[in-house]
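Architecture at a glance
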Amino acid sequence: MSICLSLVIAGSWPGIGSSIAYASDSRTSSANPVIVWDRNAETAIWDVARQQPQVQARSFAMVHGAVYDAVNAIAGAPYQPYLVAPAADGSESTDAAVATAAYRVLRSLFPDQEPRLTAQYDQALTAIPDGRSKQRGIAVGSRTADAMITARENDGAFGDQTWPVGTRPGQWRPTPPTYASDGAWVASLKPFLIPSASMFRTSGPPALTSKRYARDFNEVKTVGAANSTVRTADQTQAAIWWHDRHLAEWEIKRQLVTTQRLNTLRTARMFVMVGMAEADATIACYNEKAAWSFWRPVSAIQLADTDGNPETAADPGWTPLLVTPPHPDYTSGHTCFTGASMSALQHFFGRDDLPFSGYSADSGTTRHFRSFSEAIDEVVNARVWGGIHTRTADVAGAKIGRQVTDYMVTHHFKRKGH
């Protein structure tokens, strides 16, 4: 995609839509309401509910889909809505619409958190002067939230599917130390944007007897071991940083809103594009996991005497640096997710070379990136350095993330008339 086309898609071409976009901010407080409610969503989704990344993706996508539709409608619907564009004349309070849309979706997702969420919502509304603008903003936010909640009814979330446990070489089985199995329902979850979860089906992991498999095996065995002598301190920190379930991508999005001075409309659009690309890439990834059910490095290395490959050697006591997640290796969920988020940001801004950073409490470090592609490259490496994925699974995952973004940019959230 050319830079010019990317800029048009992002709505950042000089002069295009700027008057509409900034008009939508003229009746709001100095705090960007999309950022405020993204933080509130993070509290509900992670701090309280402790949802894991594959579940977080659905929740954030739902919140930001409703928020985007509300903000876009009040701005005159300059972009394609996701679900609906309620009637609005621009006089509605954007703050009230954003708060209502986010609150109602979060309340539907987390009914046990209703008292806390309602307190946040009441506080947000109290800061908005009473009157027609406020009430009309509430009405718009209610409409977009209701549309989202209805659209996701019976979408397959939290189903009773389980990962099949194999006993033959190459087949997935639960891994130490938890021997857990979780998240199989995500493989069957209804996507937000792409027509089918299997749309980007790959050719699968390499054959156990292939040289490529041996290369993957020996790399992760050497650099991903808990006691590796070749992994550097920085690589260890990177592996832990990327494994933090409190995802740095949340902070990175909000940071870019500030550094790139995005108004409310552009913030809402950027957040929905990133969030829905992440969600669908995760769904496509888990559909791959279900299709191939490939064993994790810890299983492969401990049982290498069964794989039929003369270039691999078993180590029954081998353990990875990180705790292996409770689902198959191929493809890597994190590289699907980050491949989608970083490529979506690249498309949105129409450039790759924007600097950003993120902090992880797990690693106790802040990592800095000079570009979106640098972050994708690092997460591909980091999952190998952590001993929990093969390189092939990581590379294939990042490709799926980019493919989901490409589909989104072509079919969704476009400026009207383009």
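Below is a summary of the structure that appears in this document. (Residues numbered from 1 in each chain as written. Predicted model: local features only at pLDDT ≥ 70, side-chain atom pairs only at ≥ 80, totals over all residues. Heavy atoms only, no water.)

1. Focus on the nonpolar core
Side chains that are nonpolar tend, in soluble globular proteins, to be buried together. The condition is simple: We call a set of buried residues a nonpolar core when its members are Ala, Val, Leu, Ile, Met, Phe, Trp, Tyr or Cys and they connect through side-chain atoms within 4.5 Å of each other. Exposure categories follow from relative accessible area, calculated using a 1.4 Å probe and restricted to protein chains: below 20% of the type maximum is buried, above 50% is exposed, and the middle band is partly exposed. In DSSP terms, a helix is any run of H or I states spanning at least four residues, a strand is any run of E spanning at least two, and both are numbered starting from the N terminus.
Val-67, Phe-192, Met-270, Met-276, Phe-349 and Phe-413 are the most contacted members of the largest nonpolar core, which totals 123 residues. Per-element accounting of this core gives the leading share, 15 residues, to helix H11 (residues 264-292).

2. Regarding the pairing of strand E2 (residues 365-369)
Under the convention used in this document: Strand pairing is assigned whenever DSSP detects at least two bridges linking the two strands.
Of the two faces of E2, the one lined by Thr-365, Arg-367 and Phe-369 is fully buried and the one lined by Thr-366 and His-368 carries no buried residue. Hairpin connection of strand E1 (residues 356-360) to E2: four residues between the antiparallel strands, including Gly-364 at a positive phi of 70°.

3. Points about the environment of Ala-396
Quick reminder of the rule: Two residues qualify as a contact provided that any one of their heavy atoms is within 4.5 Å of a heavy atom in the partner residue.
For Ala-396, the position within the fold is in helix H15 (residues 391-411). Residue classification places Ala-396 among the buried residues on the basis of a relative accessible area of 12%. Leave out the neighbours within four places in its chain, and Ala-396 touches Tyr-330 and Thr-331.

4. So, the pattern of salt bridges
Note the cut-off: Each salt bridge in this description consists of a side-chain nitrogen of Lys or Arg and a carboxyl oxygen of Asp or Glu lying within 4 Å of one another.
Under the criterion given, the structure shown has 15 salt bridges. Across the pair Asp-89 and Arg-132 runs a salt bridge whose closest N-O atoms are separated by 3.7 Å. Taken together, the residues Asp-89 in the loop between helix H4 (53-74) and helix H5 (94-109) and Arg-132 in helix H7 (residues 132-151) connect sequence positions 43 residues apart. A salt bridge links Asp-353 to Arg-351, with the shortest nitrogen-to-oxygen separation between them at 2.9 Å. When salt bridges with common partners are traced through the structure, they connect Asp-38, Glu-42 and Arg-254 into a single cluster.

5. So, unusual backbone geometry
Glycine aside, residues mostly have negative phi angles, and peptide bonds mostly take the trans form. Of note, the amide linkage connecting Pro-176 to Pro-177 takes the cis form, showing an omega dihedral of 0°. Along the polypeptide, Pro-177 turns up in the loop between H7 and helix H8 (211-223). Here Tyr-330 and Thr-331 are connected by a cis peptide whose omega angle stands at 5°. With respect to the helices and strands, Thr-331 occurs in the loop between helix H12 (297-302) and helix H13 (333-349). Residue Asn-154 is not a glycine yet carries a positive backbone phi of 55°. With respect to the helices, strands and loops of the structure, Asn-154 is situated in the loop between H7 and H8.

6. Concerning the packing of H11 against H13
The cut-off we apply is this: Axis geometry follows a simple rule: fit a line to the C-alpha atoms, using only the stretch in contact for helices, then measure angles between N-to-C directions, giving values from 0 to 180 degrees. With respect to orientation, any angle under 35 degrees is reported as roughly parallel, any angle over 145 as roughly antiparallel, any angle of 65 to 115 as roughly perpendicular, and every other angle as oblique. Left-handed is the label given to a crossing in which the near helix is rotated counterclockwise from the far helix by less than a right angle, and right-handed is the label when the rotation is clockwise. Charged residues are taken to be Asp, Glu, Lys and Arg, nonpolar residues to be Ala, Val, Leu, Ile, Met, Phe, Trp, Tyr, Cys and Pro, and polar residues to be all remaining types, Gly included.
In contact at an axis separation of 8 Å, H11 and H13 are set at 150° when each is read in the N-to-C sense. Taken together, the axis directions place H11 and H13 in an arrangement best described as roughly antiparallel. Between H11 and H13 lies a crossing whose hand is right-handed. Of H13, the residues touching H11 (which contributes Arg-266, Arg-269, Met-270, Met-273, Val-274, Ala-277, Glu-278, Ala-281, Thr-282, Cys-285 and Lys-289) are Gly-333, Cys-336, Phe-337, Ala-340, Ser-341, Ala-344, Leu-345, Phe-348 and Phe-349. Residue composition of the contact of H11 with H13, grouped by class: 13 nonpolar, three polar and four charged.

7. So, H11
Threshold: In this scheme, a helix's expected span is set at 1.5 Å multiplied by one less than its residue total. Within 3.5 Å is the distance limit for a polar contact, defined as a pair of N or O atoms, with the added protein rule that one can donate a hydrogen and the other accept it, and that residues adjacent in sequence qualify only through two side-chain atoms.
The end-to-end C-alpha distance of H11, which contains 29 residues, comes to 42 Å, matching closely the 42 Å that a straight helix rising 1.5 Å per residue would cover. In terms of burial, H11 is a largely internal element, 26 of the 29 residues being buried. For H11, the side-chain oxygen to backbone nitrogen distance between the N-cap and Leu-265 is 3.4 Å, and the N-cap itself is Asn-263. Just downstream of H11, Ser-293 is the residue with a positive phi angle, here 40°.

8. Some remarks on empty space enclosed by the protein
For clarity, the cut-off: Here a cavity is any set of points on a 1 Å grid over the protein atoms alone where a 1.4 Å probe fits but cannot get out, and a pocket is any open set with protein on both sides within 12 Å along at least 5 of 7 lines; a residue lines the site when it has an atom within 4 Å of a point. Grid points are joined across faces, edges and corners, and a volume is the space filled by probe spheres set on the points.
Applying the stated criterion across every chain, the model contains two cavities of 30 Å³ or more. In this model, the largest cavity occupies a volume close to 40 Å³. Looking at the largest cavity, the residues that line it are Tyr-213, Phe-217, Val-220, Phe-294, Trp-295, Pro-297, Ala-300, Ile-301 and Thr-390. Counting only elements with at least two residues in the lining of the largest cavity, the list comes to H8 and H12. Residue classes in the lining of the largest cavity are distributed as eight nonpolar, one polar and no charged. Within this model, the second largest cavity holds a volume of roughly 30 Å³. Trp-241, Trp-242, Asp-244, His-246, Leu-247, Ala-248, Glu-249 and His-334 together form the lining of the second largest cavity.

9. Notes on the pairing of E1
Where burial is concerned, most of E1 is hidden: four out of the five residues are buried. Bridge analysis of E1 against E2 gives five bridges, and the strand direction is antiparallel. Bridging from a neighbouring strand, Tyr-359 pairs with Thr-366 of E2.

10. Examining helix H3 (residues 33-48)
Across its 16 residues, H3 extends 21 Å between first and last C-alpha, which sits within 8% of the 22 Å expected from 1.5 Å per residue. Tucked inside the fold, the buried residues of H3 contact H4, H5, helix H6 (114-126), helix H10 (248-259) and H11. Residue Asn-32 occupies the N-cap position of H3, its side-chain oxygen lying 3.0 Å from the main-chain nitrogen of Val-34. Downstream of H3 by one or two residues, Arg-50 has phi in the positive range, about 55°.

11. Here's the deal with the side chain of Arg-383
Our working definition: For the charge count, each Lys or Arg is scored as positive and each Asp or Glu as negative, with His and the chain ends excluded.
Mapped onto the fold, Arg-383 is located in helix H14 (residues 372-385). The buried charged residue Arg-383 lacks any salt bridge partner; its closest oppositely charged side chain belongs to Asp-394, at an N-O distance of 5.6 Å. For Arg-383, the side chain forms a polar contact with the side chain of His-243, separated by 3.1 Å. In this structure Arg-383 touches Trp-242, His-243, Arg-245, Leu-322, Ser-332, His-334, Thr-335, Ile-388, His-389 and Asp-394, once residues within four positions along its chain are discounted.

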